[in-house]
Amino acid sequence: MISAGKFFDGHNDLLLRLWVNHADNPASAFFAGREQGHLDFPRMRQGGFAGGLFAVFVPPVAWLAGERGQEVARVQAQHDALAIAEAQIAILHQLAQASAGRARLCLTATEIEQCLQQDVLALVMHIEGAEMLDEELTLLDRFYHLGLRSIGPFWNLPNRFGVGVSGGFPGSPDTGDGMTAAGKALIRACNQRRLLIDLSHMNEKTFWQTAELSDAPLVATHSNAHALCAQPRNLTNAQLEAIAASDGFVGVNFGNAFLRADGQRNADTSLNEIVNHLCFLLDKLGEDRVGFGSDFDGISVPESLGDVAGMPSLFNALTAAGIDADLQEKLAWRNWLRVLKRTWGQ
Ligand SMILES: [Zn+2]
């Protein structure tokens, strides 16, 4: 029995936040609660967050310098993608180890389902931007054995595997070149290992190259509908058709700039904007292929949501929009488990 209001979430940047702000004591900051951000264990419990994909993300140097202010020089000296990725993976493992049974690293959809039933937080390891991987992919199996089950090959900037989506609002996702030979090899390697491939930061060319190459369901873990909000990061109707045809999935992003028709980051965004994107995607993809991909701790969310503890407000908005309990359960976790099981095979 999995109670109403629990949900599985396709994307968050908690590991980055813990690595930036709580490198000395990430697990105690997480379990005790922290001042900043959208996520920590007490607020996740309050909001019904039962599990999710946790991104390992190596930020660009300039971005990182802004976050850490005075520490710029030290951070730049340390800026080595593999070391940063390994530090964030170590934090994820620490969360499970220090949890006293309250959190578990999950490798299969069955394990996630058990966690949901047993009130244990389900942690799934995801890479956002494969900057830490070598072109020969010798590191991929090392990450797999550390628990990696999902990869978005690109973030916003080009890397050795190809070009992610970038550019301002309003804009098309057609923002440059596609994948390199190494990028195509990465897609095939993910298929061979049944790793989930995340299309969320792909530009037009990389999206269609992946659709052509991959034999897995097409999944965008944290993206919205381009027809409602013309951010290059959102999915066009043609892309949504391809996702539906593959029996794939889209997790709706709660970021203001990805929701609003005006593309602004303003937090005075109604929760109905999230409901509108969900309904649009349900119409395009069917009721088994849509869920949540909050992007908590990575973006600014509507102030009426606030942080993860505000999730009951979103469920209330779904009810007010006429979405019944069965469909809410599909959006909340059942559809995520379905596509993960199809992708991973277990
Ligand atoms: Zn992202």
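Everything below is about the structure printed above this text.
Just so you know, these numbers come straight off a predicted model, no measurement behind them. (Residues numbered from 1 in each chain as written. Predicted model: local features only at pLDDT ≥ 70, side-chain atom pairs only at ≥ 80, totals over all residues. Heavy atoms only, no water.)

> Could you give an account of the coordination of the zinc ion, with specific residues and numbers?
Bound to the zinc ion are the protein donor atoms Glu128 (OE), His201 (NE2) and His222 (NE2), situated 2.1 to 2.5 Å from the metal. Counting along the primary sequence, the residues that act as donors to the zinc ion give the motif E-x72-H-x20-H. Here Glu128 is found in strand β4 (residues 121-128), whereas its partner His222 is found in the loop between β7 (219-220) and α11 (237-245), with 94 residues between them in sequence. Classification of Glu128 as buried rests on a relative accessible area of 5%. A relative accessible area of 0% places His222 in the buried class. (Donors = N, O, S within 2.8 Å, 3.2 Å for Na, K, Ca; no water. Helix = DSSP H or I, 4+ residues; strand = E, 2+ residues; numbered from the N terminus. Buried < 20%, exposed > 50% of the residue type's maximum accessible area, 1.4 Å probe, protein only.)

> Provide a residue-level description of the packing of helix α13 (residues 271-285) against helix α14 (residues 311-320), including the pertinent values.
Helix-helix packing: each pair is described by the crossing angle between the helix axes and the interaxial distance. Contact geometry for α13 and α14: axes closest at 10 Å, N-to-C directions at 60 degrees. By the angle class used here, α13 and α14 are oblique. For α13 against α14, the interelement crossing comes out right-handed. Contacts between α13 and α14 pair Leu271, Ile274, Val275 and Leu278 from the former with Ser313, Leu314, Ala317 and Leu318 from the latter. In terms of residue class, the contact of α13 with α14 is built from seven nonpolar, one polar and no charged. (Axes fitted to C-alpha atoms, helices over the stretch in contact; angles between N-to-C directions. Parallel < 35°, antiparallel > 145°, perpendicular 65-115°, else oblique. Left-handed = near helix turned anticlockwise from the far one by under 90°. Contact = heavy atoms within 4.5 Å. Nonpolar A, V, L, I, M, F, W, Y, C, P; charged D, E, K, R; others polar.)

> Tell me what's going on with the side chain of Gln328, and back it up with residues and numbers.
Mapped onto the fold, Gln328 is located in helix α15 (residues 325-344). There is a polar contact of 2.9 Å between the side chain of Gln328 and the side chain of Thr319. (Polar contact = N/O pair within 3.5 Å; in protein donor to acceptor, adjacent residues only side chain to side chain.)

> Please set out α11 residue by residue, giving values where relevant.
When we look at burial in α11, the residues that qualify are Gln239, Leu240, Ala242 and Ile243. Angularly, the buried residues of α11 cover 160 degrees about the axis, an arc narrow enough to put them on a single face. The exposed residues of α11 that point more than 90 degrees off its buried face are Glu241 and Ala245. Directly beyond the C-terminal end of α11, a positive phi value near 55 degrees is found at Asp247. (Arc of directions from axis to C-beta.)

> Tell me what's going on with the pairing of strand β5 (residues 148-152), and back it up with residues and numbers.
With five of its five residues buried, β5 lies for the most part within the structure. Alignment of β5 against strand β6 (residues 196-197), held across two bridges, turns out to be parallel. Of the residues in β6, the one forming a bridge with Ile151 is Ile197. Read from β5 through helix α9 (residues 181-193) to β6, the crossover connection turns out right-handed. (Pairing = 2+ DSSP bridges. Right-handed = clockwise from strand over helix to strand, strands pointing away.)

Any functional reading would require information beyond the geometric quantities listed.
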